[in-house]
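Residue-level listing of the chains:
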Amino acid sequence: MPVGADWTDTRHILGYRNPFGPPRQVGGVETHETYQLEEPLRLLLRAAHPQREHIPHLLLLDEMNLSHVERYFSPFLSLMESGRTEEGQGVPLISADNIALISDVLEHVEPGSSEAEAAQHLKTAGRGLTLPPNVFIIGTINVDETTYMFSPKVLDRAQVIEILSVPPKVYLDPSHTETELTLSGAAALAVLRPLAPTSLKTRPNQAFLTRAQELGFPDHWASDVSKTVEYVLQKAYEVLEQVGFAFGYRLVNEVFAYLEVWILAQKEQCDETGQALSTDGWHDALDKVFSQKVLPKIHGNRRQLNDSLTKLETFLRGLSTQGVPNLGTPDPMPVSRQKLERMNRRLNATGYTTFVE
């Protein structure tokens with residue numbers, strides 16, 4: 001769904017009450033009150049259908065930063081964090097009163113549809129619509145003078161995947177291919193199914209170790225990975241905290257959640273091909289999530305950042321010589337390291353740098 005430049009509230013996603021709709025009969029009385037259902041709300045209702053809870057649903061928002069994301073997406077920003085835990089499962093996007101109206105409207109105009117059945121189920125239970133755990137939100141952005149940059153609040157809740165321009169020589173070379181972990185449709189669906197909600201009382205490293213054990217990964221390997229992630233994040237925190245970019249528990253949770261999904265993908269791929277469970281490439285996953293979660297937070301001028309980018313890049317470059325177990329490569333963090341190099345070059349050339357190029 002394309003995002004408009006005039007989105008200042010949630011109505012384009014979650015719809016709104018409309019007192020001037022077409023007439024319909026409610027208990028023998030004519031009413032014009034209706035609920036304007038936007039397509040994203042319809043998707044959320046379909047995802048909440050009791051018979052579709054195991055099916056991943058993708059909400060794609062194109063050009064998200066044409067408007068301020070914090071304005072039209074604010075309920076999601078809250079629930080993307082709390083809704084992943086057992087403690088946050090009851091927080092509604094749509095109130096029970098509005099669900100009752102939505103159910104009545106759909107029963108009148110679209111009886112028997114998946115949306116009508118889902119709304120009726122929620123109405124009967126007396127519940128509002130929470131953020132379904134089988135909904136995955138993908139947003140695209142371009143950064144130029146007509147758009148707004150994301151705030152730290154948004155970046156904290158997103159995996160920022162940067163797509164750089166491709167040089168003509170590479171684009172025109174028929175032998176050039178990208179090497180990434182690929183999964184079949186069935187395996188991808190298994191990976192996209194939501195992870196079990198994590199209690200706020202469970203530390204993310206313990207949740208990762210438990211998941212690895214459930215999937216059959218060696219205990220000593222999972223423990224080494226957990227210790228390495230803790231070490232990398234702690235050292236990055238110590239560097240960035242000095243220049244005002246310390247990060248909190250949310251980022252740590254997201255890094256371990258990313259690695260949980262990675263080991264699940266590895267398990268699905270090995271099961272599909274009949275190969276033995278492989279732990280190869282986990283440092284690539286750490287590299288990607290470090291680049292996607294930690295580096296987007298960094299921005300500022302030369303006086304503010306000082307030599308922090310150089311320190312962080314030097315640390316990542318020397319990881320293989322710092323006694324970190326099980327890295328298996330002399331350059332374990334090339335994506336993050338090269339990104340820091342580019343940011344540092346821009347800082348030295350212009351006096352200011354951000355993650356966005």
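The preceding data block contains the structure.
**Student:** Would you mind showing me how to read the overall build of the chain here?
**Tutor:** The secondary structure content of the chain amounts to 16 helices and ten strands. Overall size of the chain, expressed as C-alpha extent along the three principal axes, is 80 × 50 × 50 Å. Looking at the chain as a whole, 41% of its 357 residues qualify as buried. In the form shown here, the chain has an accessible surface area of approximately 18,900 Å², with 53% of it arising from carbon and sulfur atoms. Side chains of the chain carry 33 positive and 45 negative charges; the gap between the two charge centres is 5 Å.

**Student:** Quick question: what am I supposed to make of the side chain of Asn 18 here?
**Tutor:** Looking at the element boundaries, Asn 18 is found in strand E1 (residues 16-18). According to the relative accessible area criterion, Asn 18 is buried, its value standing at 18%. A distance of 2.9 Å separates a polar atom in the side chain of Asn 18 from the backbone nitrogen of Phe 20. Once residues within four sequence positions are removed from consideration, Asn 18 is found in contact with His 32, Glu 33 and Thr 34.

**Student:** Hey, could you run me through the packing of helix H10 (residues 204-215) against helix H11 (residues 219-241) in this one?
**Tutor:** Packed helices, taken two at a time, are described by their axes: the angle between them and the distance between them. In contact at an axis separation of 10 Å, H10 and H11 are set at 155° when each is read in the N-to-C sense. The angle between H10 and H11 places the two elements in the roughly antiparallel class. Considering only the axes of H10 and H11, their crossing is right-handed. Across from Asn 205, Phe 208, Leu 209, Ala 212 and Gln 213 in H10, the residues of H11 making contact are Asp 219, Ala 222, Ser 223, Val 225 and Ser 226. Grouping the amino acids of the contact of H10 with H11 by side-chain chemistry returns five nonpolar, four polar and one charged.

**Student:** Even after reading the chapter, I still don't get a nonpolar patch on the surface, so can you show me in this structure?
**Tutor:** Where nonpolar side chains cluster on the molecular surface, the patch consists of Leu 58, Leu 60 and Ile 138 and spans about 270 Å² of accessible area. Mapped onto the secondary structure, Leu 60 falls in strand E5 (residues 57-61). Its relative accessible area of 44% is what places Leu 60 among the partly exposed residues.

**Student:** For this particular structure, what's the right way to read helix H15 (residues 308-317)?
**Tutor:** Think of an α-helix as turning once every 3.6 residues; residues three or four places apart then point the same way. Among the residues of H15, those classed as buried are Ser 308, Leu 309, Leu 312, Glu 313, Phe 315 and Leu 316. Around the axis of H15, the buried residues are gathered within 160° of arc, so they sit on the same side. Along its buried surface, H15 packs onto H11, helix H13 (282-293), helix H14 (302-305), helix H16 (334-350) and strand E10 (352-354).

**Student:** Help me out: how do you make sense of the pattern of salt bridges in this one?
**Tutor:** Two side chains that carry opposite charge are able to pair once their charged atoms sit near each other. According to the stated counting rule, one finds 20 salt bridges in the structure shown. Linking Glu 260 and Arg 211 is a salt bridge whose minimum nitrogen-to-oxygen distance equals 3.3 Å. In this pair, Glu 260 sits in helix H12 (residues 249-273) while Arg 211 sits in helix H10, placing the two residues 49 residues apart along the sequence. Here Glu 260 and Arg 211 have matching classes, each one buried. Taken together, the salt bridges that share partners define one network made up of Glu 39, Arg 42, Arg 46, Glu 110 and Glu 115.

**Student:** Help me understand the packing of helix H2 (residues 39-48) against helix H6 (residues 114-125) in this model?
**Tutor:** Running from amino to carboxyl end, H2 crosses H6 at an angle of 65°, the nearest separation of the two axes being 8 Å. Comparing their axes, H6 and H2 come out roughly perpendicular. Classified by chirality, the crossing of H6 by H2 is left-handed. Residue-level contacts link Arg 42, Leu 45, Arg 46 and Ala 48 of H2 to Ser 114, Glu 115, Ala 118, Ala 119 and Leu 122 of H6. Along the lines of polarity and charge, the residues of the contact of H2 with H6 split into five nonpolar, one polar and three charged.

**Student:** Even after reading the chapter, I still don't get the side chain of Thr 147, so can you show me in this structure?
**Tutor:** Note on placement: Thr 147 falls in the loop between strand E8 (135-139) and helix H7 (152-155). Judged by relative accessible area, Thr 147 falls into the buried class, the value being 15%. Among the polar contacts listed, one links the side chain of Thr 147 to the backbone oxygen of Asn 142, at a separation of 3.2 Å. For Thr 147, the contacting residues outside a window of four places in its chain are Asn 65, Leu 66 and Asn 142.

**Student:** How should I be thinking about the packing of aromatic side chains in this particular structure?
**Tutor:** The geometry of two aromatic rings is summed up by the distance between their centres and the angle between their planes. Inspection of every chain in the model, using the stated rule, returns seven aromatic pairs. The interplanar angle of 90° and the centroid separation of 5.2 Å between the aromatic rings of Trp 7 and Tyr 72 together place this pair among those described as edge-to-face. One end of the pair, Trp 7, is in the segment before helix H1 (11-14); the other, Tyr 72, is in helix H3 (residues 69-72), with 65 residues separating them in the sequence. When its relative accessible area of 5% is taken as the criterion, Trp 7 is described as buried.

**Student:** Sorry if this is basic, but what is going on with the pairing of E5 here?
**Tutor:** The side chains of a regular strand alternate, first on one face of the sheet and then on the other. Side chains His 57, Leu 59 and Leu 61 project from E5 onto a buried face, and the interleaved Leu 58 and Leu 60 project onto a face without burial. With five bridges connecting them, E5 and E8 associate as parallel partners. Looking at E8, one finds that Leu 60 is bridged to Ile 138.

**Student:** How should I be thinking about the nonpolar core in this particular structure?
**Tutor:** Nonpolar side chains tend toward joint burial in soluble globular proteins. Counting 84 residues, the largest nonpolar core has Leu 45, Phe 73, Ile 102, Phe 290 and Leu 312 as the members making the most contacts within it. Counting residues per element, this core draws most heavily on H11, at nine residues.

**Student:** How do you make sense of unusual backbone geometry when you look at a structure like this?
**Tutor:** One non-glycine residue, Glu 63, lies in positive phi territory at about 60°. Among the structural elements, Glu 63 can be located in the loop between E5 and H3. Of note, the phi angle at Asn 306 is positive, near 55°, even though the residue is not glycine. Mapped onto the elements, Asn 306 comes out in the loop between H14 and H15. Classification of Asn 306 by relative accessible area gives exposed; the value is 54%.

Each value, and the rule that gives it
- Numbering of residues starts from 1 in each chain and follows the order in which that chain's sequence is written.
- Totals for whole chains, interfaces and linings use all residues, but because this is a predicted model, local features are given only for residues with pLDDT of at least 70 and pairs of side-chain atoms are given and counted only at 80 or more.
- Excluded from the side-chain calculations are hydrogens and water; all other atoms, namely the structure's heavy atoms, are used.
- Numbering goes from the N terminus for both helices and strands, where a helix is a DSSP run of H or I of at least four residues and a strand is a run of E of at least two.
- Buried means the residue's accessible area, taken with a 1.4 Å probe over protein chains only, is under 20% of the maximum for its type, while exposed means over 50%, and partly exposed covers the values in between.
- The Shrake-Rupley method, run with a 1.4 Å probe sphere, supplies the accessible areas, and residue values consider only the shown protein chains as cover.
- The convention is simple: Lys and Arg are positive, Asp and Glu are negative, and His and the chain ends are not counted.
- A single reference atom marks each charge: NZ on Lys, CZ on Arg, CG on Asp, CD on Glu.
- What qualifies as a polar contact is a pair of N or O atoms within 3.5 Å, subject to a donor-acceptor requirement within protein and to the restriction that residues adjacent in sequence count only when both atoms come from side chains.
- Contact definition: two residues touch when any of their heavy atoms are within 4.5 Å.
- Angles run from 0 to 180 degrees between N-to-C directions of axes, and those axes are lines fitted to C-alpha atoms, restricted for helices to the stretch in contact.
- Reported orientations rely on four angle classes, namely roughly parallel under 35 degrees, roughly antiparallel over 145, roughly perpendicular from 65 to 115, and oblique for the rest.
- For any pair of crossing helices, the crossing counts as left-handed if the nearer helix is rotated counterclockwise from the farther one by less than a right angle, and right-handed if it is rotated clockwise.
- Polarity classes work like this: nonpolar for Ala, Val, Leu, Ile, Met, Phe, Trp, Tyr, Cys and Pro, charged for Asp, Glu, Lys and Arg, and polar for all others, with Gly in that last group.
- In this analysis, a patch consists of residues with relative accessible area above 30% that form no salt bridge, clustered at 9 Å for like charges and at 5 Å for the nonpolar side chains Val, Leu, Ile, Met, Phe, Trp and Tyr.
- In the sections that follow, a salt bridge refers to a side-chain nitrogen of Lys or Arg positioned within 4 Å of a carboxyl oxygen of Asp or Glu.
- Note: the arc covers the axis-to-C-beta directions of the helix.
- By convention, a stacked pair of Phe, Tyr or Trp rings (six-membered ring in the case of Trp) has centres within 6.5 Å and planes under 30 degrees apart, an edge-to-face pair has planes over 60 apart, and any other such pair is tilted.
- In this description, strands pair whenever DSSP reports at least two bridges between them.
- Nonpolar core, defined: a set of buried Ala, Val, Leu, Ile, Met, Phe, Trp, Tyr and Cys residues in which side-chain atoms within 4.5 Å join the residues together.

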